[in-house]
Amino acid sequence: MLEIPCPWCGPRAEVEFACGGESGPPRPADPGSLDDAAWTAWLWNRTNRKGPHVETWWHQAGCGRWFLLARDTSDDRVLASWPIGATPPPLPEEGA
Amino acid sequence: MSGPFRLAEGGTRLDRGRPIGFSLDGKRFTGFAGDTLASALLASGVRLVGRSFKRHRPRGLLTAGPEEPNALLRVERGPGRVDPNSRATLVELVPGLAASTQNAWPSVRFDAGAIFDRFAGHLAAGFYYKTFFRPGWAWHRLFEPAIRRVAGLGRAPEAPDPDRYLHRHVHCDLLIVGGGPAGLRAARRAARAGARVILADERPAPGGGLADTGTAGPRIAGETAAAWLAGLVAELDRAGEVVRLDRTTAQALHPSGYALLLERVSDHLREPDPRLPRERLWKVRPRAVLLATGAIERPLLFPDNDRPGILLAGAARAFLARQAVLPGRDLVVAAFDDSAYAAALELARAGARVHAIVDPRPEPGWAARTAAEAGLRVLAGWAPVGSEGGPGLRAVRLAPLDAKGRPEARGERTIPCDALLVSGGWTPAVQLWAQAGGAVAWDEAAAAFLPTRGPSWLAVAGAAAGARTLGEALAQADRAVDRLLAGLGFTPEAEPLPPIEEPEPARALPPWATPELWRRDPKATFVDFQNDVSVADLEGAVREGFSAPEHAKRWTTAGMATDQGKTAQPTALALLAASSVRPLEELAPTTMRPPWTPTSFGALAGVHRSDLFRPIRTTPLHGWAAAKGAIFEDVGHWKRPTAFPRPGESLEAAVARECRAVRTGVGLLDASTLGAFDVQGEDAASFLERIWTIDVADLPVGRCRYGLVLKDDGTVLDDGVVCRLAPNRFLLSTTTGGAARLHAWLERWAQTEWPELEVWITPVTEGRAVIAVQGPQSRLLLRRAVSGVDLSAKAFPHMAWREGWIGGVPVRIFRVSFTGELGFELHVPASRAEEVVETLERLAPDLEPTPYGIEAMHLLRLEKGYILVGHETDGTITPRDLGLERLLSSKKDFVGKRSLELPEHRSADRPRLVGLLPVDPTALPSVGGQLVERAEPGTPSLGRVSSAGRSPTLGRTIALGLVRADRARPGTRLLVYAADRPAIEVELCSPCFLDPEGARLRG
Ligand SMILES: [Zn+2]
């Protein structure tokens, strides 16, 4: 079980959180203007990379905030977390 | 007397003043406090402790520790206190303990299943996969039940576990796993530097293998090992920041550093304090971890190497040191490693007759010379080539090896004995290291996989890191703990290593390095004792093409038993390498999974059982419903009334009566579980506009609108009513089951995608109670109770809400209906809910307001064809599939809208919601039943039944279903097919069975 550093509450056990999956690009402002290929690419395609990877988490049983968390998918290490809209801290490169 | 194999004195753990009676298979024995079940049985001369899993071969004790593959017993400590598959080597003796052997019928001595051993050829690895591949019916009806009767490990207990188990969450600077010399020294060093330390040791007393050395053990700083260890432990126990845990197994070490320690608190106590838990699961988040987990001795490979009486030399040494038990009176020792010589010397000094020590290594080392000088017969260049006896060992066959390692038949000798001590060297216990993400690499000199690179917070020292002497282990411990402490900001003081008198051991010969021994009779030469995997099985795996370690493991099941092959690795891997002619370093060992040893479900569950298994939520009207005779069911975590049967009334009759009351009079439903969210802020309207499928911006204050919430792929997530309380304030009323999910969903969009919107979402479900008042007489009822609201149809239309009073209680009244009747929902403060519902009943005895439950609610909505999220939807269903296009706004964008335009969502094979009328009006289709044209194998499914029931209003069965849109023409007849039930013919119709014009609703 991971220990997750909530930017608002500090390190807490993973059971208090819900993972919202990989953080993708922002939702297009006018989805109606995209063709089917562009829309479905935004909807479904994720990088799913091995290595440092940014995902959204919700502190469901805590402060109720959504935030961003960087985790290395190869060894499950939590690298950093930061509030939505904040500048992300520098992250190690893949395999570092 | 506690057995013929107990010495008159000695035994570091033994309390001879406290004899303890116990039983095995009903036969009574006596041991002492400090015995394990294993040592007490050994002392009593019991050799046979079980039958092997597959071939039912007789098996005896192999080890003295957690790695034991054979001695798995069912242990009872009183009613309900039953543990199958207990390792006899870990069970400490307490009065009244009743053990029984497993996997043998009718008894372990006369086991009918032993016939399987005669057919060893048919029971080779992969037997299951090959023999029972087809036909399918034969597997389910014939082979599997027959095999289950004779195979399988243990029997699950039947009574509830009466014991208590606790969880404890802790943080520390340094967790040390293993209380041997390396772990103890590192703990003291860390404690002196000021670190908060947890030291977990699996055994009942600290000291590791060093505590089991006797007269032949090393001397440390001029002291005996026992004296030196006692000094270390005493200092640790005085240090304030050290938590030293005995009988505590590290069951898991996760890559994040999170560790699970299982402490056995009271099983070993004669009269445990009833306030103590049986076991305590420590959930530890250490900043750093040192593994000093030691090493596991390897058995040897030769024909019939599994006969009871053949055990590891280190185990024999431990039984002697701890409990003063001899493994036999007449011993032979097979020393492929020097540690077996020390065992032979100590056992000889204790009075056992050591007839020979065979050592295949041609050059005898220091240990061999010492043994010879002590008068023991050492046969250098010899090896065991077979064993003889019934179930128990009676003799060992020994032979000299020629220059190529081949046993010479001419020189072969048979030596009578009752125990054979074997040692094929030691395997570092790197399982937790690998589990935490550490890498290992093959080290030819150590003949083992040794730790290489690992996470920065993790270190390993001692025998687990390949140390072969005590001096090396202590030096490693100092280096490892100093590195970890430096990382944590602690500075340990310099401290010299103590002078140690110990010999330099000669290089061990691992068991796989003697192919001439294991190729003699591969089917009778065992590698994994618990799963009965022989050399022949591993060779067979290579022949079948399963030579990759992960494949071979699954094909042969080597390493997949409850011991996870602790004594079988890396031997099994080395045999794979030899059989497939590959270097061992190219094979990656498989990673052991948690837990390290089998763990009780009780320990994992902790206090989360019975009423505490999961939350129970009751509504403010729970007491009212219970007093009305409600029977309850679980909906999510909620308790909701199914129905309110009267005395002597069947459930079905009660539901029909409740439905009729709503259709003809007035009914009361506790709808407090519906999700409720108060949404406020400058941008509340535009936020909801983006989430709901309907128009929200133009909704007037005082009005409500029903709509859907979609995921961005166009599928229905939830449905619910949006009520405008004020220009910048809304109340959302959503489904019971989806409330938590919808909350996450709303917060997610508000916080992550549109943080610029000024909107606050507050779940208010628990703050209020909801009483649904439904039926043609509902207005009449409310007129008597409500003040301050004009309830006339003109002033208070469908889908509007008003504020008023019932007695002294403020109430929000919503004119909404999930029944198709004229109806209202009353939202009242939770604390006043019972008062309000009792007022309604008191004011209208003539109207007989009838409480109804969720069964009636489901039938009433089914008659109207209203969808229920989770029945008519399943995560793949779009609004168009449900025929709810009218709920899709054309004036704005909303989440999910774009996807509805995708060609996949418009194709003719999309499902379509339809009504289903059974041709036989008494036949009830099964929910989940498939809609087909013919009830024949191979007929494609055209859809499924999503809801069904017996409508009291229509006097017939009705159902809803989802059918391929191009086949969903009204009047079409299809069959409902459900396994093991007769097919039911249904006719497709509109999904609304009652009052399609909505006249009742708007009355
Ligand atoms: Zn938080």
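Model, not experiment: these values are computed from the prediction.

Asks: Lay out the overall build of chain B in plain terms, naming residues and giving numbers.
Replies: For chain B, the helix and strand inventory stands at 24 helices and 51 strands. Judged by the C-alpha coordinates and their principal axes, chain B covers about 115 × 65 × 55 Å. Considering chain B as a whole, with its 1003 residues, one finds that 57% of them fall into the buried category. Nonlocal contacts in chain B, meaning residues at least 24 apart in sequence, comprise 67% of its contacts between residues at least 6 apart. In chain B, which carries 124 positive and 116 negative side-chain charges, the distance between the mean positions of the two groups comes to 2 Å.

Asks: Account for the coordination of the zinc ion, with residues named and values stated.
Replies: A metal bound by six donors in octahedral fashion has ideal angles of 90 or 180 degrees, whereas one bound by four tetrahedral donors has an ideal angle of 109.5 degrees. All names here are of chain A. Around the zinc ion, the protein supplies Cys-6 (SG), Cys-9 (SG), His-59 (ND1) and Cys-63 (SG) as donor atoms, at distances of 2.0 to 2.3 Å. Coordination at the zinc ion comes from 4 donor atoms whose angles at the metal span 105 to 117 degrees, giving a geometry best classed as tetrahedral. Sequence positions of the donors to the zinc ion reduce to the motif C-x2-C-x49-H-x3-C. A residue pair is termed long-range when its members are at least 10 positions apart, and Cys-6 in strand E1 (residues 3-6) and His-59 in the loop between strand E4 (52-58) and strand E5 (66-72) qualify at 53 residues. Residue Cys-6 shares its accessibility class with His-59, and that shared class is buried.

Asks: Tell me what's going on with the pattern of salt bridges, and back it up with residues and numbers.
Replies: Counted according to the given criterion, the structure contains 75 salt bridges over all chains. Among the ionic pairs, Asp712(B) bridges to Arg27(A), the shortest N-O distance being 2.6 Å. Separated into two different chains, Asp712(B) in the loop between strand E36 (704-710) and strand E37 (716-726) and Arg27(A) in the loop between strand E3 (18-22) and helix H1 (36-44) make up a pair that spans both. In this pair, the class of Asp712(B) matches that of Arg27(A), namely buried. Each of Arg185(B), Arg188(B), Arg189(B), Arg192(B), Glu235(B), Asp478(B), Asp482(B) and Glu495(B) takes part in salt bridges that share partners, so that together they form one network.

Asks: Please give an account of the nonpolar core that cites residues and values.
Replies: Residues and elements named next belong to chain B. Residues Leu-37, Phe-319, Ile-357, Leu-398, Leu-420 and Leu-421 are the most contacted members of the largest nonpolar core, which totals 79 residues. Non-local contacts of Leu-398, meaning those with residues more than four positions away in its chain, are made with Val-332, Ala-356, Val-358, Leu-379, Trp-382, Ala-383, Pro-384, Val-385, Gly-411, Glu-412, Arg-413 and Ile-415. Counting residues in each nonpolar core, the second largest holds 60 residues, with Ile-691, Trp-749, Val-759 and Ile-877 among its members.

Asks: So what about the packing of helix H5 (residues 181-192) of chain B against helix H6 (residues 225-238) of chain B? Which residues, and what values?
Replies: Residue and element names in this part refer to chain B. Where H5 contacts H6, the axes come no closer than 10 Å and their chain directions differ by 35 degrees. In the crossing of H5 with H6, the sense of the turn from one axis to the other is left-handed. Residues Pro-181, Leu-184, Arg-185, Ala-187, Arg-188 and Arg-192 of H5 touch H6, and the partners they reach there are Trp-228, Leu-229, Leu-232, Val-233, Glu-235 and Leu-236. For the contact of H5 with H6, the class distribution of residues is 8 nonpolar, no polar and 4 charged.

Asks: Residue-level account of the pairing of strand E49 (residues 956-964) of chain B, with values.
Replies: All names here are of chain B. Judged by how many residues are buried, E49 sits mostly within the fold: 7 of 9 residues are covered. Pairing analysis gives 6 bridges linking strand E46 (residues 911-918) to E49, with the strands arranged antiparallel. Residue pairing for E49: Leu-916 is matched across the bridge by Ala-959. Both strand E48 (residues 943-951) and E49 contribute to a ladder of 8 bridges, which runs antiparallel. Within the sheet, the bridge partner assigned to Ser-951 lies in E49 and is Arg-956. Linking two consecutive strands that pair antiparallel, namely E48 and E49, is a turn of 4 residues; a positive phi of about 65 degrees is found at Gly-955 within it.

Asks: Help me get a handle on the confidence of the model for chain B, residues and values and all.
Replies: Mean pLDDT over chain B stands at 92; residues scoring 70 or higher make up 95%. We note a pTM of 0.88 for the whole complex and an ipTM of 0.95 for its interfaces.

Asks: Give me the lowdown on the sheet that holds E37(B), citing residues and values where you can.
Replies: Residue and element names in this part refer to chain B. Read from one edge of the open sheet, 5 strands run E36-E37-E38-E35-E39, paired in antiparallel fashion. Each having just a single partner strand, E36 and strand E39 (760-763) make up the two edges of the open sheet. On average, each strand axis in the sheet is inclined to that of its neighbour by 30 degrees, with strand direction left out of account. The pairing of E36 with E37 spans 7 bridges and is antiparallel. Bridge pairing in E37 places Leu-710 opposite Val-716. In the packing of helix H19 (residues 684-691) onto the sheet, the strands contacted are strand E35 (675-680), E36, E37, strand E38 (729-734) and E39, and the crossing angle to E38 comes to about 30 degrees.

Asks: Pulling in residues and values, what's your account of the state of the cysteines?
Replies: Residue and element names in this part refer to chain B. Applying the stated rule across the entire model yields 0 disulfides over all chains. There is no disulfide at Cys-723, and the cysteine sulfur nearest it, in Cys-704, is 3.7 Å away. On the basis of relative accessibility, which here comes to 2%, the residue Cys-723 falls in the buried class. Residue Cys-992 stays outside any disulfide, its sulfur separated by 9.6 Å from that of Cys-989, the closest cysteine. For Cys-992, a relative accessible area of 24% corresponds to the partly exposed category.

Asks: Tell me what's going on with the sheet that holds E3(A), and back it up with residues and numbers.
Replies: Residues and elements named next belong to chain A. Here we have 4 strands laid out as an open sheet, ordered E3-E4-E5-E6, and antiparallel in their pairing. With one partner strand each, in any of the chains shown, E3 and strand E6 (77-83) form the two edges of the open sheet. Going from strand to strand, the sheet's axes swing by 30 degrees on average, the running direction of each strand aside. The sheet contact formed by E3 and E4 spans 3 bridges and is antiparallel. Bridged to Cys-19 within E4 is Trp-57.

Asks: Help me get a handle on H6(B), residues and values and all.
Replies: Residues and elements named next belong to chain B. Helix length check: H6 (14 residues) gives 20 Å between terminal C-alpha atoms against 20 Å at 1.5 Å per residue, within 8%. Of all the positions in H6, only Ala-225, Trp-228, Leu-229, Leu-232, Val-233 and Leu-236 are classed as buried. The arc enclosing the buried residues of H6, seen along the axis, measures out at 130 degrees, which places them on a common side. Opposite the packed face of H6, turned more than 90 degrees from it, sit the exposed residues Ala-226 and Arg-238. Residues of H6 that are buried in the fold lie against H5, strand E9 (197-200), strand E10 (219-220), strand E11 (223-224), strand E12 (242-245) and helix H11 (470-488).

Asks: Provide a residue-level description of empty space enclosed by the protein, including the pertinent values.
Replies: Residue and element names in this part refer to chain B. Within this structure, the stated rule accounts for 5 cavities of 30 Å³ or more. The computed volume of the second largest cavity comes to approximately 90 Å³. Taken together, Leu-538, Pro-549, Ala-552, Lys-553, Ala-558, Gln-569, Ala-572, Leu-573, Leu-576 and Thr-590 make up the full set of residues lining the second largest cavity. Among the elements of the structure, helix H14 (549-556) and helix H15 (571-579) are those that each provide at least two residues to the lining of the second largest cavity. A breakdown of the residues in the lining of the second largest cavity according to their chemical character gives 7 nonpolar, 2 polar and 1 charged.

Asks: I'd like a description of helix H20 (residues 739-753) of chain B, backed by residues and values.
Replies: Compared with the 21 Å implied by 1.5 Å per residue over 15 residues, the 21 Å span of H20(B) between its first and last C-alpha is a close match. Within H20(B), the full set of buried residues consists of Ala739(B), Leu742(B), His743(B), Ala744(B), Trp745(B), Leu746(B), Glu747(B), Trp749(B), Ala750(B) and Gln751(B).

Asks: A description of the interface of chain B and chain A should follow, citing residues and the corresponding values.
Replies: In this complex, chain B contributes 24 residues to the contact, which on the side of chain A involves 24 residues. Summed over both sides, the interface between chain B and chain A buries roughly 2000 Å², with carbon and sulfur atoms accounting for 55% of that surface. Counting across the chain B and chain A interface gives 4 salt bridges. Residue Glu3(A) pairs with Arg285(B) through a salt bridge whose shortest N-O separation is 3.7 Å. Taken together, the links from chain B to chain A amount to 14 residue pairs in polar contact (both at pLDDT 80 or more).

Asks: How would you explain the pairing of strand E24 (residues 419-423) of chain B if you had to name every residue and give the values?
Replies: Residue and element names in this part refer to chain B. With 5 of its 5 residues buried, E24 lies for the most part within the structure. Burial of E24 is two-sided: the residues Ala-419, Leu-421 and Ser-423 facing one way and the residues Leu-420 and Val-422 facing the other way are all buried. Where strand E17 (residues 310-312) lies against E24, 3 bridges are found, and the strand directions are parallel. Bridge assignment links Ile-310 to a residue of E24, and that residue is Leu-420. Two strands pair when backbone bridges link them, and strand E18 (residues 330-335) and E24 are joined in this way by 5 bridges, in the parallel orientation. Of the residues in E24, the one forming a bridge with Val-333 is Leu-421.

Conventions used here
Residues numbered from 1 in each chain as written. Chains lettered and ligands numbered in written order. Predicted model: local features only at pLDDT ≥ 70, side-chain atom pairs only at ≥ 80, totals over all residues. Heavy atoms only, no water. Helix = DSSP H or I, 4+ residues; strand = E, 2+ residues; numbered from the N terminus. Buried < 20%, exposed > 50% of the residue type's maximum accessible area, 1.4 Å probe, protein only. Contact = heavy atoms within 4.5 Å. Lys, Arg positive; Asp, Glu negative; His and termini not counted. Charge placed at Lys NZ, Arg CZ, Asp CG, Glu CD. Donors = N, O, S within 2.8 Å, 3.2 Å for Na, K, Ca; no water. Tetrahedral: all angles 85-135°; square planar, octahedral: opposite > 155°, others 65-115°. Salt bridge = Lys/Arg side-chain N within 4 Å of Asp/Glu carboxyl O. Core = buried A, V, L, I, M, F, W, Y, C linked by side-chain atoms within 4.5 Å. Axes fitted to C-alpha atoms, helices over the stretch in contact; angles between N-to-C directions. Left-handed = near helix turned anticlockwise from the far one by under 90°. Nonpolar A, V, L, I, M, F, W, Y, C, P; charged D, E, K, R; others polar. Pairing = 2+ DSSP bridges. pLDDT = per-residue confidence, 0-100. Disulfide = S-S within 2.5 Å. Expected span 1.5 Å × (residues − 1). Arc of directions from axis to C-beta. 1 Å grid on protein atoms, 1.4 Å probe; cavity = no way out; pocket = protein on both sides within 12 Å on 5 of 7 lines; lining within 4 Å. Points joined across faces, edges and corners; volume = space filled by probe spheres on them. Buried area = accessible area lost by both parts, 1.4 Å probe. Polar contact = N/O pair within 3.5 Å; in protein donor to acceptor, adjacent residues only side chain to side chain.

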